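# Coordinate inspection notes
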Amino acid sequence: MTKTTLKAQNHCVYSIKYHLVMVTKYRRNVINAAILERLTGLISERIMAWEGELIEINGEPDHVHILFELPPKFAVSDFVNALKTGTSRRIRKEFSTHLRPFYGKPVFWSRSYCVVTCEGAPLSVIKQYIDNQRGA
């Protein structure tokens, strides 16, 4: 089994990794290489501003996958809202010519998203560990 690296704050120790999938509005195929590169920079900046760490990012023309770590003092829903709002505004401004044929209104991301916590150990191992912690 791999060893988990824990991070610390004043009163907690944590290792919380999230897999976030954000989809473009109407699943339009608007993310090209230039937009993905710019999104990578913007998303990395936002994660660092929230005291987190970007682990991996990649995407397809209609969605992006982001693997990142965020301290537990932040609600992931607040982070995703800030991330989508900020990146949408910047991408729409910087790539307006490219996006104009796809969107008549100032939109980029769909309102929905998928976020899953993930870590090294499978659930079965964690369940077994917790089961073995019973007092004698």
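So, a few notes on the structure that sits alongside this text. All residue numbers refer to positions counted from 1 along the written sequence of the respective chain. Since the coordinates come from a predicted model, pLDDT governs what is reported: local features require at least 70, and pairs of side-chain atoms require 80 or more to be given and counted, while whole-chain, interface and lining totals use all residues. With hydrogens and water excluded, all non-hydrogen atoms of the structure serve as input to the side-chain values.

### With respect to the side chain of T87
The criterion, for reference: Each helix corresponds to a stretch of at least 4 residues labelled H or I by DSSP, and each strand to a stretch of at least 2 residues labelled E; elements are numbered beginning at the N terminus. What makes two residues a contact is simply this: any of their non-hydrogen atoms within 4.5 Å.
Residue placement: T87 occurs in helix α2 (residues 76-94). When neighbours within four sequence positions are excluded, T87 is seen to be in contact with L39, L42, I43 and W109.

### Looking at the packing of helix α1 (residues 33-49) against α2
Formally: Orientation is described by lines fitted to C-alpha atoms, with helices fitted over the stretch in contact, and by angles between N-to-C directions that extend from 0 to 180 degrees. Should an angle lie under 35 degrees it is considered roughly parallel, over 145 roughly antiparallel, and from 65 to 115 roughly perpendicular; all remaining angles are considered oblique. With the far helix as reference, a near helix turned anticlockwise by less than a right angle produces a left-handed crossing, and one turned clockwise produces a right-handed crossing. Amino acids are sorted into nonpolar (Ala, Val, Leu, Ile, Met, Phe, Trp, Tyr, Cys and Pro), charged (Asp, Glu, Lys and Arg) and polar (every other residue, Gly among them).
Put simply, α1 and α2 touch, their axes get as near as 10 Å, and they point 140° apart. Between α1 and α2, the crossing angle belongs to the class labelled oblique. Between α1 and α2 the crossing geometry is right-handed. Facing α1, whose interface residues are I35, R38, L39, L42, I43, R46 and I47, α2 presents F79, A82, L83, G86, T87, R90, I91 and E94. Of the residues assigned to the contact of α1 with α2, the class counts are 9 nonpolar, 2 polar and 4 charged.

### Let's talk about α1
Which entries qualify depends on this criterion: Expected span of a helix, by definition, is 1.5 Å for each gap between consecutive residues, and there is one gap fewer than residues. Only protein chains enter the area calculation, which uses a 1.4 Å probe; residues under 20% of their type maximum are buried, those over 50% are exposed, and those in between are partly exposed. An arc is given here, and it is the one of the directions from the helix axis to the C-beta atoms. In protein, a polar contact means a hydrogen-donor-capable atom and an acceptor-capable atom, both N or O and within 3.5 Å, with residues adjacent in sequence counting only if both atoms are side-chain atoms; elsewhere, any N or O pair within 3.5 Å suffices.
Helix length check: α1, at 17 residues, gives a terminal C-alpha distance of 24 Å against a target of 24 Å (1.5 Å per residue), a fit within 8%. Here α1 has its buried residues at I35, L36, L39, L42, I43 and I47. Each buried residue of α1 sits inside an arc of 135° when the element is viewed along its axis, so together they form one side. Opposite its buried face, α1 presents the exposed residues A33, E37, M48 and A49, each directed more than 90 degrees away. Elements in contact with the buried residues of α1: β3 (17-24), β4 (53-60), β5 (63-69), α2, α3 (96-99) and β6 (109-118). Of the residues flanking the start of α1, the one acting as N-cap is N32, its side-chain oxygen 3.2 Å from the backbone nitrogen of A34. Of the residues flanking the end of α1, it is E51, one or two places downstream, whose phi is positive at about 65°.

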